[in-house]
Each structure stands twice: as structure tokens, then as C-alpha cells.
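Chain residues, written in single-letter form:
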Amino acid sequence: MQTKRIVEQYHEDGFVIVRQLFSADEIATLDQHLRDFISDVVPTLDSGDVYFEDTPNRPVKSIFRLEEHDPYFQQLADDRRIRDLVTALLGDADFTRLSTGFFGKAAGDGSVVPCHQDNAFQFWVPPEALGVTIAVDASTVDNGALICQQGSHRLGMLPHQPSGVMGFSMQLVEPPDLAAHPEVALCMNPGDVAVHHITTVHRSDANRTDRARRQLAIGYRSSRAQGDEAARTAHRALLAELHARNPPP
Ligand SMILES: O=C(O)CCC(=O)C(=O)O
């Protein structure tokens, strides 16, 4: 797809998929770094940086700030192809790279991600920020592909409430009308990249298959977006209260 069409579609829908941005060899390298990270770094991480599924095998559910531990993830987030894409989508070459997260939905064990807008956790004003998702495995309707509501980024920030879900503390009080904002499953193949706006409503289902659905998610914000520190402080206080009431297992 041409850059012009990618940008138009992103602004129209609040999300877009760019097919095969990374080669099979590049995804194999990413896969190896993830495996090494999980075996070598995860055991050393603080509880807020890694979450496990609450099932007997306790597979890794999500990891945050990978770039702080392995420079490979910094280099990947600064890859020229991603930088060009983000520059075009944010309309700003002076954007800032945020952190890199891993969302694994282990085969059979991957749990639901509640419906939310990323800015309910990040608090950028104006909300000129986006999430880039790199597919490590194929994502399908059955293994928990990311599901976005078309055009929901234009609704602004909607009310959220605590979700009770470890690692995704907040969920929408009420998802937008499905007729006006239909859900689209972002089914991807390894090497595909999806981008969603920071106010696009999205969620994902449990992984009901024997195939893992692993994704890397990297945030970027425009130079115009500033963090709302008061909102962040209030959110941290809420999280601390929720953790105290219901400590992670
Ligand atoms: O793992 C998922 O399906 C959700 C990921 C997510 O919410 C995100 O990338 O913003």
C-alpha cells in the first residue's frame, strides 16, 4: 500500500495494517530475542514489568519496557521503516519513541484483554500518539487478534473504570455503539505491522487455539503531545490502591 493510502486509512479508521514490513529472517531474530529475554531477563524483573497468566503453566502474559534491558529492542523501535511510517502518521518527524511491550497470548492459555483506549493509561494531551504492533506469530480471530472499533478514535477519551484484569487495569465503562463503530479483527501474519491511534477503542479475545499469538507493541508520541502529570499521579495512586486490595498472585 502507498504511504498516502496508509495515512488516509489510519485517519479514517483509527488503525491500519502494513503487510510484510519485516522479513521472515527479521522475525526469526525477533523471536530469538524474545525467547532469550523470557529465559534470562524475565526472572530478574520487578512485578510491574511482567505479568503471567493465572493458569497452572503461568506463561508470560505481558512484559513492559523491554528496551531498558536489551538494546536490540531499542534498535528495532528505531528501525527506519517504522520511523518513516510513524513520521507520516503523526505528521511529525520530531516524534518521541516511548516504550516497547510484549503481549503474548500463549497457546490455549492467553486471556482476554478488556476493551480500552491506550490513553486511559498514558495521558497524552493532545492525544497525538499511537501504538505500533509487530506480529511475531500469525494472529487470527480464534487466537486473540487485536480487535479495533472503526472510527472510535474520533470519539475522544471515553470513561474508564477498573477492570480487575492484571496488566490491563482499566476498561471502558461502555464500549461505543457497534453499529456506528464496527469491530475489525486485525488478523496478521508474522512481519505484518498494525498501527492504532491512542484513542482507538480496542480489545482482544482469549486464545482458544494451540497456536501462540505473540506481538510486540511500541509507542510513539508527537512532539506536540505532553504528559498530563496530574492524571498520571492520580492513576498511579488508583493502581496502588487496587494492588493493595487485590495483590498479584
Ligand atoms: O494483547 C492484546 O491483544 C492487546 C494489546 C494492546 O492493548 C495494545 O497493543 O495496545
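Everything here concerns the structure above.
Predicted model, so just to flag it, every value in this text is computed and none were measured. (Residues numbered from 1 in each chain as written. Predicted model: local features only at pLDDT ≥ 70, side-chain atom pairs only at ≥ 80, totals over all residues. Heavy atoms only, no water.)

Colleague: I'd love a proper account of the sheet that holds strand E4 (residues 96-105), names of residues and values included.
Modeller: Taken in spatial order, the seven strands line up as E1-E12-E7-E14-E4-E3-E2 in an open sheet, and their pairing is antiparallel. Since the sheet does not close on itself, it has two edges, and those belong to strand E1 (15-18) and strand E2 (50-52), each with one partner. Geometrically, the sheet is characterised by an average inter-axis angle of 15° between neighbouring strands, direction not taken into account. Alignment of E1 against strand E12 (residues 193-197), held across four bridges, turns out to be antiparallel. Directly across from Phe-15, in E12, lies its bridge partner His-196. Against the sheet, helix H1 (residues 3-13) engages E1, strand E7 (129-135) and E12, with an angle of about 145° to E1. Here helix H2 (residues 24-41) sits on the sheet and contacts strand E3 (60-63), E4, E7 and strand E14 (213-221); the angle it forms with E14, its principal contact strand, is near 95°. (Pairing = 2+ DSSP bridges. Helix = DSSP H or I, 4+ residues; strand = E, 2+ residues; numbered from the N terminus. Axes fitted to C-alpha atoms, helices over the stretch in contact; angles between N-to-C directions. Contact = heavy atoms within 4.5 Å.)

Colleague: Tell me about the packing of aromatic side chains, residues and numbers included.
Modeller: Scanning the entire structure with this criterion turns up seven aromatic pairs. When the ring of Phe-64 is compared with that of Phe-103, the centres are 5.9 Å apart and the planes differ by 80°; the resulting orientation is edge-to-face. Residue Phe-64 is found in the loop between E3 and helix H3 (71-77), and its partner Phe-103 is found in strand E4; the two are separated by 39 residues along the sequence. By the burial criterion, Phe-64 is buried, and Phe-103 matches it. Put simply, the rings of Tyr-51, Phe-64, Phe-103, Phe-121 and Phe-168 touch in pairs and so form one group of aromatic residues. Positioned above the aromatic ring of Trp-124 is the side chain of Arg-232, whose terminal nitrogen or guanidinium carbon lies 4.4 Å from the ring centre. (Phe/Tyr/Trp six-rings, centres within 6.5 Å; stacked < 30°, edge-to-face > 60°. Buried < 20%, exposed > 50% of the residue type's maximum accessible area, 1.4 Å probe, protein only. Lys NZ or Arg CZ within 6 Å of the ring centre and 35° of its normal.)

Colleague: Outline the side chain of Ser-222, supporting the account with residue identities and numerical values.
Modeller: Looking at the secondary structure, you find Ser-222 in the loop between E14 and strand E15 (226-227). Polar side-chain contacts of Ser-222 include one of 2.8 Å to the side chain of Glu-128. Those residues in contact with Ser-222, other than ones at most four positions away along the chain, are Leu-90, Asp-92, Phe-95 and Glu-128. (Polar contact = N/O pair within 3.5 Å; in protein donor to acceptor, adjacent residues only side chain to side chain.)

Colleague: How would you summarise the sheet that holds strand E8 (residues 146-149) if you had to cite specific residues and measurements?
Modeller: Paired through backbone hydrogen bonds, the strands of a sheet run either parallel or antiparallel to each other. In space, the four strands of this open sheet follow the order E5-E13-E8-E11, with antiparallel pairing throughout. Of all strands in the sheet, those bounded by a partner on one side alone are strand E5 (113-116) and strand E11 (183-185). Between one strand and the next, the sheet's axes are offset by a mean angle of 25°, whatever the strand orientation.

Colleague: Can you explain unusual backbone geometry? Please cite residues and give values.
Modeller: The peptide bond linking Val-125 to Pro-126 adopts the cis configuration, its omega dihedral lying at -10°. Structurally, the position occupied by Pro-126 is in the loop between strand E6 (124-125) and E7. Here the phi dihedral of Arg-58 falls at roughly 50°; this positive angle occurs in a residue that is not glycine. Of note, Arg-58 is situated in the loop between E2 and E3.

Colleague: Tell me about the site of the ligand, and please be specific about residues and values.
Modeller: Phe-103, Lys-105, Val-113, His-116, Asp-118, Leu-146, Phe-168, His-196, His-202, Ser-204, Arg-213 and Ala-217 make up every residue found near the ligand. In the environment of the ligand, an oxygen atom lies 3.2 Å from a nitrogen or oxygen atom belonging to the side chain of His-116. Contact distances for the ligand include 2.8 Å between an oxygen atom and a side-chain N or O atom of Arg-213. Protein chains shield 95% of the accessible area of the ligand, which is 290 Å² for the free molecule. Cavity membership is defined here by more than half of the atoms lying within 2 Å of grid points; on that basis the ligand lies in the largest pocket. Looking at the shell around the ligand, the elements that each hand over two or more residues are E4, E5, strand E13 (202-204) and E14. Tallied by class, the residues present in the shell around the ligand amount to five nonpolar, four polar and three charged. (Near = heavy atom within 4 Å. Areas by Shrake-Rupley, 256 points an atom, 1.4 Å probe, with all protein chains shown as cover. 1 Å grid on protein atoms, 1.4 Å probe; cavity = no way out; pocket = protein on both sides within 12 Å on 5 of 7 lines; lining within 4 Å. Sits in = over half its atoms within 2 Å of the grid points. Nonpolar A, V, L, I, M, F, W, Y, C, P; charged D, E, K, R; others polar.)

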